[in-house]
Amino acid sequence: MAEEVTSVDDFDQIDFLRDRHIRFFQRCLQVLPERYSSYETSRLTIVFFALSGLDVLDALDAVDKPSLVEWIYSLQVVPTEDESNLWRCGFRGSSHIGVPYNTSTGPGSPHPYDSGHVAMTYTGLACLIILGDDLSRVNKKACLAGLKSLQLEDGSFYAVPEGSENDMRFVYCAACVCYMLDDWSGIDCKKAVDYIRRSMSYDSGIGQGAGLESHGGSTFCAIATLCLMGKLEEMFSERELNRIRRWCILRQQDGFHGRPNKPVDTCYSFWVGATLELLDVFQYTNFEKNRNYILSTQDSLVGGFAKWPDSHPDPLHTYFGICGLSLMGEAGLRRVHPALNVSDRALQCLQQLHQTWREGCT
């Protein structure tokens, strides 16, 4: 019987098809298959996966940055003259309700059902930062007012003012928006932190809300939110943090899954991997097995990564697969900031903006 090949040297023979993944993301910015039509309302998120993916691949040069910046600003829901729609402001996901293309930040006549979406506001701001924009046309007051209107009494957030699911995903998006705008007035931080605290489950993972099942995605959202707020050690004791670390480490099989007894999935190499990185224990996972699983979902013909091997690649799993590889130090990839989920290069641009804003206030 042949001996199983498990050495790092043999493992490194698996090729990461960088150029094919670059072309995959470039296609995502130009044309998408018909099966993506149901994602029209969240097109901005797909653009984020493609742009941030190209950034991590160090391949933004071929992107038409000015046109993308203008398109993103056209999705900003701006206040009317009387500011009666301030609570609805932010960024929408696309022009799906027929709002005219308009990059102006001045007063307009909004569609009666037009409103921002907390996840689209996060991805829209992140895209602008990745593209090198200075955010000068972002109406910060309106974005923060719209954000504040989405928070519920229990500390969680709706996605849109009309009401929606309210869970840990949108708490994280709200924290990212405040972090990027360098202004935490859009969140009642105490309520949000209390919501995170109540969402810790009996097994020390964190669910989407109180009493809900622990999940790799919501555990990331909770830990990343606390890190962005600078409240991780304040919220959890070292003993509790060790229990969270243990729960996350147990999510590795070869790659990672999001819940016990669920199949491994490419995206959790980031969700769980980034959580472990934020908790300073990612280095204790098995990089070889993780990389091997991620690359097993790589499409060698058209590029991209899928959820599972022998499945269709998609922008989300391609982006998070590449981010998972970045966390492990894959050659040729920019480092990803594990809490904000953008490249370290983009984060440095944001920090320079923050410094400029603060100097302007003094």
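Residues numbered from 1 in each chain as written. Predicted model: local features only at pLDDT ≥ 70, side-chain atom pairs only at ≥ 80, totals over all residues. Heavy atoms only, no water.

**Some thoughts on the packing of helix α2 (residues 18–28) against helix α14 (residues 315–327)**
As a packed pair, α2 and α14 sit with axes 11 Å apart at the nearest point and diverge in direction by 140°. Between α2 and α14, the interaxial angle falls into the category oblique. Judged by the twist between their axes, the crossing of α2 over α14 is left-handed. On the side of α2, the interface is formed by H21, F24, F25 and C28, while α14 contributes P315, T318, Y319 and I322. (Axes fitted to C-alpha atoms, helices over the stretch in contact; angles between N-to-C directions. Helix = DSSP H or I, 4+ residues; strand = E, 2+ residues; numbered from the N terminus. Parallel < 35°, antiparallel > 145°, perpendicular 65-115°, else oblique. Left-handed = near helix turned anticlockwise from the far one by under 90°. Contact = heavy atoms within 4.5 Å.)

**Describing the confidence of the model for the chain**
When pLDDT is averaged along the chain, the result is 93; 94% of the residues meet or exceed 70. When the criterion is pLDDT under 50, residues 1–11 qualifies, and its contacts beyond four places in sequence or with other chains add up to 7 contacts. (pLDDT = per-residue confidence, 0-100.)

**Comments concerning the pattern of salt bridges**
Here the structure, examined in full by the defined rule, presents 20 salt bridges. In this structure, a network of salt bridges that share partners links the residues D55, D58, R334 and R345. (Salt bridge = Lys/Arg side-chain N within 4 Å of Asp/Glu carboxyl O.)

**What to know about the side chain of R92**
Relative to the elements of secondary structure, R92 occurs in the loop between β2 (90–91) and α5 (118–130). Residues within four places of R92 in sequence aside, it is in contact with L44, S74, L75, Q76, V77, V99, D114, S115, G116 and M120.

**Some points on the environment of A331**
Mapping A331 onto the fold places it in the loop between α14 and β5 (336–337). Along the sequence, A331 and L57 sit 274 residues apart, while their C-alpha atoms lie 9.9 Å from each other.

**Observations concerning the nonpolar core**
Membership of the largest hydrophobic core comes to 111 residues, with the highest contact counts inside it found for I187 and F236. Excluding residues that lie within four positions of it along the chain, F236 makes contacts with I196, R197, M200, I206, I223, L226, L241 and I244. (Core = buried A, V, L, I, M, F, W, Y, C linked by side-chain atoms within 4.5 Å. Buried < 20%, exposed > 50% of the residue type's maximum accessible area, 1.4 Å probe, protein only.)

**Here we look at unusual backbone geometry**
Its identity as a non-glycine residue notwithstanding, E83 has a phi of 60°, on the positive side. Mapped onto the elements, E83 comes out in the loop between β1 (76–77) and β2. We classify E83 as partly exposed; its relative accessible area is 35%. One non-glycine residue, D280, lies in positive phi territory at about 65°. With respect to the helices and strands, the residue D280 is situated in the loop between α12 (268–278) and α13 (287–296).

**Topic: the packing of aromatic side chains**
Following the criterion strictly, the structure yields 17 aromatic pairs and no others. Ring geometry for Y122 against Y172: centres 5.7 Å apart, planes inclined by 75°, an arrangement best described as edge-to-face. Placement of Y122 in helix α5 and of Y172 in helix α7 (residues 168–181) is noted, with a sequence separation of 50 residues between them. Of the two residues, Y122 and Y172, both sit in the buried class. An aromatic cluster is built from F48, F49, Y122, Y172, F220, F270, W271, Y319 and F320, whose rings are joined through pairwise contacts. (Phe/Tyr/Trp six-rings, centres within 6.5 Å; stacked < 30°, edge-to-face > 60°.)

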